[in-house]
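Below are the chains, spelled out letter by letter.
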Amino acid sequence: MAVLKVKFTKTKRDKLAQILWILNWVSVVSGIILFSLGLFLKIEIKKRNEVMAKGDVNSVPNMLMSVGVIACIINFLGGKICYDCSDANKFSRWKLVMLPYIVCTFCFTFCILVGALMCYTMRNELEESLYLGLRDAIKFYKDTDIPGRCFLKKTVDMLQIGFKCCGNNGFRDWFEIQWVSARYLNMASKEVLDRLKSNVDGRFLVDGVPFSCCNPSSPRPCIQYQLTNNSAHYNYDFLTEELNIWVKGCREALLDYYTAVMRSIGIAALLIWLFELSVLIGVRYLQTAMKNVLLLGDLEGESDGWLLENSFVETAKYNINIIKNLGKANQISTVSGMNDPNIDVQNTNCGKTNVTTKSIPAAS
């Protein structure tokens, strides 16, 4: 029994073809939107490429850009097919193409759904990439004289100012690394020498942060050094007082930003997927209705259109059997006791001599 069978008159078939022609062109625009969203996300990720470790963070924008291009091509072809379906004579040249087109379009819409879901599942990969990238960027913050790293100080400073964050996980990350270059340390100072000697690795560690961690909205002048030393500052308690530096880590700030962007893109991709799926359902009805009207032979009469010719279970069993029989085309079928027709056939006796032959008439 057909699934969701609908009866179409000649007028309804023509209107359906015209509506689907318009919707396919709208789908071309939606493909351009998908491509644009993927490109936007790729650019946003590339902007902070210096503070991200190499990984699969570009898989989502690449996926969106790919399905966007494919959407433009498939829906452009679909618009041409639907336009010709208003004429039964023109439909005949697309009759063999429409079913493979519907199958390919179904696979394509599934890719859109996968791309939308990937926007919600790549948070872990993005978080790990940011953690490793920011860790290395902060580590090399002081290397302003080394080629390939001299830009990291500016990158980290602009990042902390722009996203109102400090460090990787928080401002205490700066306490664990030497972020002041050795060229700016006064080696004649006893305090500097004592700090270098007190560290096993000979690093100059201070409980201070770069200027980019300062909160310009704080009414108090920025305290960058001796953040944990209450006696170093008047009327100051680092445990109870709200610090005048950013307390949120840059990994969390960037992760929140990208999560919000990907959530918005994911919602847009889901809406486009629902729209593409509705267009595909309409094309399926048009294909079956036009196919049936050709079988009936009355181009002006009514015809049935359906989503599936048989029930879901029967269709699933039919497709499973097709998959199972793939690669068995060259094997001999033994179903229902059928054997090789050449088995048990008696051989002809080539040695017989009593075979009657017609005499050749003699020439007169």
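Treat the numbers as computed from the prediction; the structure is a model and nothing was measured.

At glutamine 226, a residue that is not glycine, the phi angle is positive and equals roughly 50°. Mapped onto the secondary structure, glutamine 226 falls in the loop between α7 (190–198) and α8 (250–296). Phi angles above zero are rare outside glycine, and asparagine 235 is one such case at about 50°. Note on placement: asparagine 235 falls in the loop between α7 and α8.

Bringing the environment of glycine 31 into the picture now. Tracing the backbone shows glycine 31 in helix α1 (residues 10–47). Owing to a relative accessible area of 0%, glycine 31 belongs among the buried residues under this scheme. For glycine 31 and glycine 68, which are 37 residues apart along the polypeptide, the C-alpha to C-alpha distance reads 4.2 Å. When residues no more than four places from it in sequence are discounted, the contact partners of glycine 31 are Gly68, Ala71 and Cys72.

Tallied over the full model, the rule gives 11 salt bridges. A salt bridge links arginine 48 to glutamate 44; the nearest nitrogen and oxygen atoms lie 3.2 Å apart. Exposure remark for arginine 48: the relative accessible area of 18% places this residue in the buried category. A salt bridge links aspartate 157 to lysine 153, with the nearest nitrogen and oxygen atoms 3.0 Å apart. Residue aspartate 157 and its partner lysine 153 are both found in helix α6 (residues 152–163); the two are separated by four residues, about one turn of the helix. Under the relative-accessibility criterion, aspartate 157 is labelled buried at 5%. One continuous salt-bridge network, built from bridges that share partners, spans Glu44, Lys47 and Arg48.

Next up on the list: a nonpolar patch on the surface. Nonpolar side chains collect at one region of the surface, where Trp21, Ile22, Trp25, Val26, Phe76 and Tyr83 lie side by side and expose about 620 Å² of accessible area between them. Looking at the nonpolar patch, the elements with two or more residues in it are α1 and α2 (59–84). For the nonpolar patch, the element with the most residues is α1, which contributes four residues. For phenylalanine 76, the position within the fold is in helix α2.

In this section: the UniProt feature "transmembrane region" (unreviewed entry) in the protein. The UniProt entry lists residues 20–40, 60–78, 99–123 and 265–286 under the feature "transmembrane region" (unreviewed entry), expressed in the numbering used here. For residues 20–40, the end-to-end C-alpha separation is 30 Å, with 100% helix and 0% strand making up the annotated structure. With 100% helix and 0% strand, the stretch residues 265–286 has end C-alpha atoms that lie 32 Å from each other.

For the rest of this paragraph, the subject is the environment of lysine 80. Looking at the element boundaries, lysine 80 is found in helix α2. Look at lysine 80 and you get partly exposed, because its relative accessible area is 39%. Put simply, lysine 80 and tryptophan 25 are 55 residues apart on the chain and 9.7 Å apart in space, counted from C-alpha to C-alpha.

This part takes up the nonpolar core. Counting 79 residues, the largest nonpolar core has Leu126, Trp174 and Val209 as its most contacted members. Elements that contribute at least two residues to this core include exactly α1, α2, α4 (95–121), α5 (123–139), α6, α7 and α8. Counting residues per element, this core draws most heavily on α8, at 18 residues. Looking at which domains feed residues into this core, each of domain 1 (3–138 + 252–313) and domain 2 (179–247) gives three or more. Those residues in contact with leucine 126 that lie beyond four places of it in its chain are Met52, Val57, Leu255, Tyr258 and Met262.

Before going further, it helps to examine the state of the cysteines. Tallied over the full model, the rule gives three disulfides. The disulfide bridge from cysteine 166 ends at cysteine 213, spanning 2.1 Å between sulfur atoms. Sign of the S-S torsion, about 85° for the bond between cysteine 166 and cysteine 213, identifies this disulfide as right-handed. One end of the pair, cysteine 166, is in the loop between α6 and α7; the other, cysteine 213, is in the loop between α7 and α8, with 47 residues separating them in the sequence. Owing to a relative accessible area of 0%, cysteine 166 belongs among the buried residues under this scheme. Judged by relative accessible area, cysteine 213 falls into the buried class, the value being 0%.

Thresholds, definitions, all that
Residues numbered from 1 in each chain as written. Predicted model: local features only at pLDDT ≥ 70, side-chain atom pairs only at ≥ 80, totals over all residues. Heavy atoms only, no water. Helix = DSSP H or I, 4+ residues; strand = E, 2+ residues; numbered from the N terminus. Buried < 20%, exposed > 50% of the residue type's maximum accessible area, 1.4 Å probe, protein only. Contact = heavy atoms within 4.5 Å. Salt bridge = Lys/Arg side-chain N within 4 Å of Asp/Glu carboxyl O. Patch = residues over 30% accessible without salt bridge, like charges linked within 9 Å, V, L, I, M, F, W, Y side chains within 5 Å. Areas by Shrake-Rupley, 256 points an atom, 1.4 Å probe, with all protein chains shown as cover. UniProt positions renumbered as here; feature names shortened; annotations may be inferred. Core = buried A, V, L, I, M, F, W, Y, C linked by side-chain atoms within 4.5 Å. Domains from an automatic or database assignment. Disulfide = S-S within 2.5 Å.

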